[in-house]
Structure formats: structure tokens, C-alpha cells
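Commentary on secondary and tertiary structure
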Amino acid sequence: MKALQAVRGMNDVLPQDAALWEFFEDSVRDWLRAYGYRNIRMPLVEPTALFVRSIGEATDIVEKEMYTFQDSLNNESLTLRPEGTASCVRAAIEHSLLHQGAQRLWYGGAMFRHERPQKGRYRQFHQIGVEAFGLPGPDIDAEHLIMTARLWRLLGLSGIRLELNSLADSAARAAHRQRLIAFFEQHRDQLDGDAQRRLHSNPLRILDSKNPHMQPLIEAAPQLNEHMDDAARAHFHGVCATLDRAGVAYSINPRLVRGLDYYNYTVFEWVTDALGAQGTVCAGGRYDGLFEQLGGKPAPGCGFAMGVERLVALLQVQASPASQHAAEAQQPDVYVLHQGDAAAMEAARAAEELRDAQLRVVLHCGGGSFKSQMKRADASGARFAVILGEEELVRKEVSVKPLRAQGVQTSVPLKEAIELIRG
RNA sequence: GUGGCGUUAGCUCAGUCGGUAGAGCAUUGGGUUGUGGUCCCAAGGGUCAUCGGUUCGAAUCCGAUACGCCACCCCA
């Protein structure tokens, strides 16, 4: 029979790599608690309309990357979530979370986009999302950036740069958009195919084009900040000033445009050069119109998402001391081996007693020679082997052998062995 | 979705001009009736990605497909 394989772009994370994932997830959980963010969990599947209305009809995600299917049992169009913000806002509206005041929330999990797979870009990928609802000021934007800078330190990562921009408010964006369309229409002959297609659907994205032939035209295009009002300017200034005061470095990138339509005011990306073409490890910004767009009462929103695969890849490349220490901490304290039927049963009981003493214990199963059991013990990474054979059984003791450090094997009652191992 | 490169043992890779496959590491066993990590010996492990074509004969040449990598595009 032909062996089946995983769906393209959807990966197994094997135990050796999963240890790093666990280190990442544990660090993230502690970090979010330190800032008072609470976990929220949304479904993986949502009505298709949720993403069309939030992300935007003309975006690549909605146009060609969504896993959309018809649930024929009740004739609904459903979609595997391509991102988390829309679901999170939907949940906040549906359960009236803002009635309890502003919300700091986070979620994590799988997202799905049908793109051609590449390193750092998969069809099933994982994000940690952080959202703050009901807070209009620049303080919360700055908090998100300051806390993210801390996370990189906690993970032991370096070389992640912050790029920052303001998209102003919707009125300014609309005015800017009209002028952009008019400007690019005058120079239609200089636009490449992609830009022509986006001219009316999403002209802001043309500014982000990397086509070198279009750079002079883009340089000459109308600037958004010509339309920015005092409130937008003050907000952006507030974010920058708070970052300056907190000592978080950034560079302002006027070309920075997000791929999702719902952003306004602050947008940002954390980028690295260490991962090739998919260098954005974390990105987000403000989306004050989204609640209204999804049928809720108007409320400000601000948030970001991290790509877990990308950050884990960075942890792998940079092999930080923090992550190495975490990998070592996963290894068992004790490997219990035994010889003979009576000893096997006593070993199972003794292993439980060791675990009662908060030790991490692997009990040898599957038989095998003494030598092969010792090899297993060594390969497990355990600090000690605890040996139970005929001799130990008679003496009502166990032999304790240090496997990592210097030291001699000793035969003692189990209670003493526990003291010895716990040091 | 477009283009380029690739796919041989669990892993990393060699394989000459087309003549039916090899190494290192890993695994298992032994050297030691109860002692790992070093050393020595041995063994197991292959639909040469898949399907088709050319040929007396294909891992090798050609085509398609699947999967991977890189870039574009896009994004976390």
C-alpha cells in the first residue's frame, strides 16, 4: 500500500524541534502574564464573510490564499482562518467583552493560507496574536512595541529591527488614495501589471512595490503626511516619544504598508536579515474602524501577531543560551533500569516514588540486556541511573550511578537515593 | 500563482562512459552471565521520490507528476 504523506506546506514538528517550540511557548506565556494579557481561544473555522469584510476584498489573502469550502450540510461558506484579529474582534463583539472595560487579550494557534511553500512560509503556520481593545491613545501602541522588545531579550534573540509608520486616519487615507489614483493614472504607461491591477483596488500597495523601474515614479507620488491631521500627527508623535523614552530603537519607514485593509494610524514590522526572504517575524498596528466594520459599536483596537515558525527558526540559527538551557531542562533526572521479573515490578513502584519526590523519571520498558539498558539510560540524557537488580532487591536498596558528573556508584535505600539525586 | 535548482539507507552524502548500489554517522547484537559515554568486531537496513518513455540493459538519458529548497509575489 502506498504510504500517505502530509499535505503540502503543512508540517510535522518532530520532538527534537518541538522542544524549542515549547521553550518559545513557555517564554511567551510568562511574558504575556507579566503585562496582564489574558488568553482567548477562537475557532479555526469562521464564516467566509468575516475575513472578506475585515481583511478586505482586494487583498491577496482574500483573493487567492484562503481555504474556503462549502459546508453542504447547511449550505454555508466557511473558511479556515488566515489570521486571528478578525476572529478576536468578532468574539469581543459577540460576547460584549468591552462592557467590562478595555481588554488586553492574546491567542495562539494555527492559521491557514494557500501560498507556495518556502522557508518561513507554510500553508499551515502558527501565530501568537496580541490585541488591545478599547484603548485609543498612543500609550497602548507603545506598550506593544516595548513589550515585544522585551520578548526578544527574554528569548535571547538579537538583530531584530523595528520599522514604524503611520497610515493616518481613514479620511486622510481616502484623500491620499484619490490623489494617488489620479497621479498614477497620469503615468499609467509607467505602471507594471501588478500596479495597474491594484490602481483602483489598493493603490497604497503600489508604494510598496520593489520593481526598480517604478521607484522614480513612487518617489514622486503624493505623500500621505500631506493629508495627516493634527490628531494623527500627535498620536504618532506620542508613540515615537514613548519609545524614545523607553530606549526602544526604531526606524520610520514611510513605505511601510500592511497587507490587510483594516489598519489605520500606527503600523509596524519587526524584521530580521537572518531568515532570507521571509524576514518579518512580527507585525501589526492599529485598527480603529474594525469593530464598526464587523457590526459592533465603534471601538479602538490595536495589536500584532508573531510568526512562530519564523521565530523558532531564528532561535535555531542563533542558538541562544536561554533556549539551550531550556532544552537541557527537558531531560529526565533519572532513568530506572532493572533485571529480573521481581525487580521489574519493584522498579515500576520505585519510579512512582521518585516522581512523588518531584523528579522526572523514565522507567526502562521493553526488556533487553543490562548493557543495552545502560545505553538507553545514557541516551535519555538523564543525570542518574537508578539500578534495581536481584542484589538490590535482597538488600532493599537501589544502586545510584551518576551519568553526567564525576562520582561513584553507590547502593542505598530509595529514600536516601532521592536525597542524593535532588542534591 | 511564475521562474531556477534538487530528490540515492533513519540522517549527511558518494556513485566515473548507461552494465542491477556504497561510505560516514545512527540503529541492533557481540567483545563483558550486572554497567553507558572511548575502543574493537559483526549484522540489519534500498520500489535509487512516483509513473511513463528511449535502450539489449537506466540511479544515470528524456517527459510528466508529487514533494523540497531558492527567488519573485505576498506575508507572520
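One structure accompanies this document, and this report is about it.

**Things to note about the packing of aromatic side chains**
- Taken as a whole and judged by the stated rule, the model has eight aromatic pairs.
- For the ring pair Trp 31 and Tyr 35, a centre distance of 6.5 Å and an interplane angle of 65° mean the geometry is edge-to-face.
- Owing to a relative accessible area of 1%, Trp 31 belongs among the buried residues under this scheme.
- Here the aromatic rings of Phe 133 and Phe 291 are separated by 4.9 Å at their centres, their planes lie at 85°, and the arrangement is edge-to-face. In this pair, Phe 133 is assigned in strand E6 (residues 124-133) and Phe 291 in helix H10 (residues 290-293), connecting sequence segments 158 residues apart. In this structure, Phe 133 and Phe 291 share a single accessibility class: buried.

**Observations concerning the environment of Ala 91**
- As for its position among the elements, Ala 91 is in helix H4 (residues 85-94).
- Under the relative-accessibility criterion, Ala 91 is labelled buried at 5%.
- Separated by 48 residues in the primary sequence, Ala 91 and Pro 43 place their C-alpha atoms 9.8 Å from one another.
- Once residues lying within four places of it in the same chain are set aside, the contact partners of Ala 91 are Ile 40 and Met 42.

**Structural notes on the nonpolar core**
- Counting residues in hydrophobic clusters, the biggest one holds 42 residues, and the most contacted among them are Phe 24, Trp 31, Leu 32, Trp 152, Trp 270, Val 281 and Met 306.
- Setting aside its immediate chain neighbours within four residues, Met 306 contacts Phe 24, Trp 31, His 126, Gln 127, Ile 128, Leu 151, Trp 152, Val 281, Cys 282 and Leu 311.
- Judged by nonpolar contacts, the second largest core, of 30 residues, contains Met 42, Ile 55, Ile 61 and Phe 125.

**Some words on the sheet that holds strand E13 (residues 361-363)**
- Read across the sheet, five strands follow the order E13-E12-E14-E15-E16 without closing on themselves; strand pairing throughout is mixed. Strands at the two margins of the open sheet, each flanked by one partner only, are E13 and strand E16 (410-412). Each strand axis lies, on average, 25° off the axis of its neighbour in the sheet, ignoring direction.
- Summarising the sheet, strand E12 (residues 334-338) and E13 pair through three bridges and their orientation is parallel. When the bridges of E13 are listed, Val 334 appears paired with Val 361.
- Strands E12, E13 and strand E14 (384-388) of the sheet are contacted by helix H13 (residues 341-356), whose axis makes an angle of about 165° with E13.
- In the packing of helix H14 (residues 370-380) onto the sheet, contacts are made with E12, E14 and strand E15 (398-402), and the angle to E12 comes to roughly 170°.

**Remarks on the pairing of strand E5 (residues 103-112)**
- Burial analysis of E5 places seven of its ten residues in the buried class, which makes it a mostly covered element.
- In terms of strand pairing, strand E1 (residues 38-39) meets E5 through two bridges, oriented parallel. Note on E5: the bridge partner recorded for Arg 38 is Leu 105.
- By the bridge criterion, ten bridges tie E5 to E6 in an arrangement that is antiparallel. Bridging across to E6, Ala 110 finds its partner in His 126.

**A closer look at the side chain of His 176**
- Residue position: His 176 is located in helix H6 (residues 170-186).
- Since its relative accessible area comes to 1%, His 176 is described here as buried.
- Engagement of the side chain of His 176 in a polar contact is seen with the backbone nitrogen of Leu 224, the distance being 3.5 Å.
- In contact with His 176, not counting residues within four places along its chain, are Leu 204, Leu 207, Pro 222, Gln 223, Leu 224 and His 227.

**Some details on the sheet that holds strand E3 (residues 67-71)**
- On the basis of which strands lie adjacent, the open sheet formed by three strands has the order E2-E4-E3 and antiparallel pairing. Two strands close off the open sheet at either side, each with one partner strand: strand E2 (45-47) and E3. Taken pair by pair, the neighbouring strands of this sheet meet at an average axis angle of 35°, ignoring direction.
- Relative to strand E4 (residues 76-80), E3 is paired through five bridges, and the arrangement is antiparallel. Residue pairing for E4: Gln 70 is matched across the bridge by Ser 77.
- Against the sheet, helix H2 (residues 48-55) engages E2, E3 and E4, with an angle of about 75° to E2.

**As for the packing of helix H5 (residues 138-155) against helix H9 (residues 230-246)**
- Following both chains from N to C, one finds H5 and H9 inclined at 40°, their axes separated by 8 Å at the closest point. Of the possible angle classes, the one that applies to H5 and H9 is oblique. Handedness of the H5/H9 crossing: right-handed. In this structure, H5 uses Pro 138, Asp 141, Ala 142, Leu 145 and Ile 146 to contact H9, whose residues at the interface are His 235, Gly 238, Val 239, Thr 242, Leu 243 and Ala 246.
- Along the lines of polarity and charge, the residues of the contact of H5 with H9 split into seven nonpolar, three polar and one charged.

About the thresholds
- Residues numbered from 1 in each chain as written.
- Chains lettered and ligands numbered in written order.
- Predicted model: local features only at pLDDT ≥ 70, side-chain atom pairs only at ≥ 80, totals over all residues.
- Heavy atoms only, no water.
- Phe/Tyr/Trp six-rings, centres within 6.5 Å; stacked < 30°, edge-to-face > 60°.
- Buried < 20%, exposed > 50% of the residue type's maximum accessible area, 1.4 Å probe, protein only.
- Helix = DSSP H or I, 4+ residues; strand = E, 2+ residues; numbered from the N terminus.
- Contact = heavy atoms within 4.5 Å.
- Core = buried A, V, L, I, M, F, W, Y, C linked by side-chain atoms within 4.5 Å.
- Pairing = 2+ DSSP bridges.
- Axes fitted to C-alpha atoms, helices over the stretch in contact; angles between N-to-C directions.
- Polar contact = N/O pair within 3.5 Å; in protein donor to acceptor, adjacent residues only side chain to side chain.
- Parallel < 35°, antiparallel > 145°, perpendicular 65-115°, else oblique.
- Left-handed = near helix turned anticlockwise from the far one by under 90°.
- Nonpolar A, V, L, I, M, F, W, Y, C, P; charged D, E, K, R; others polar.

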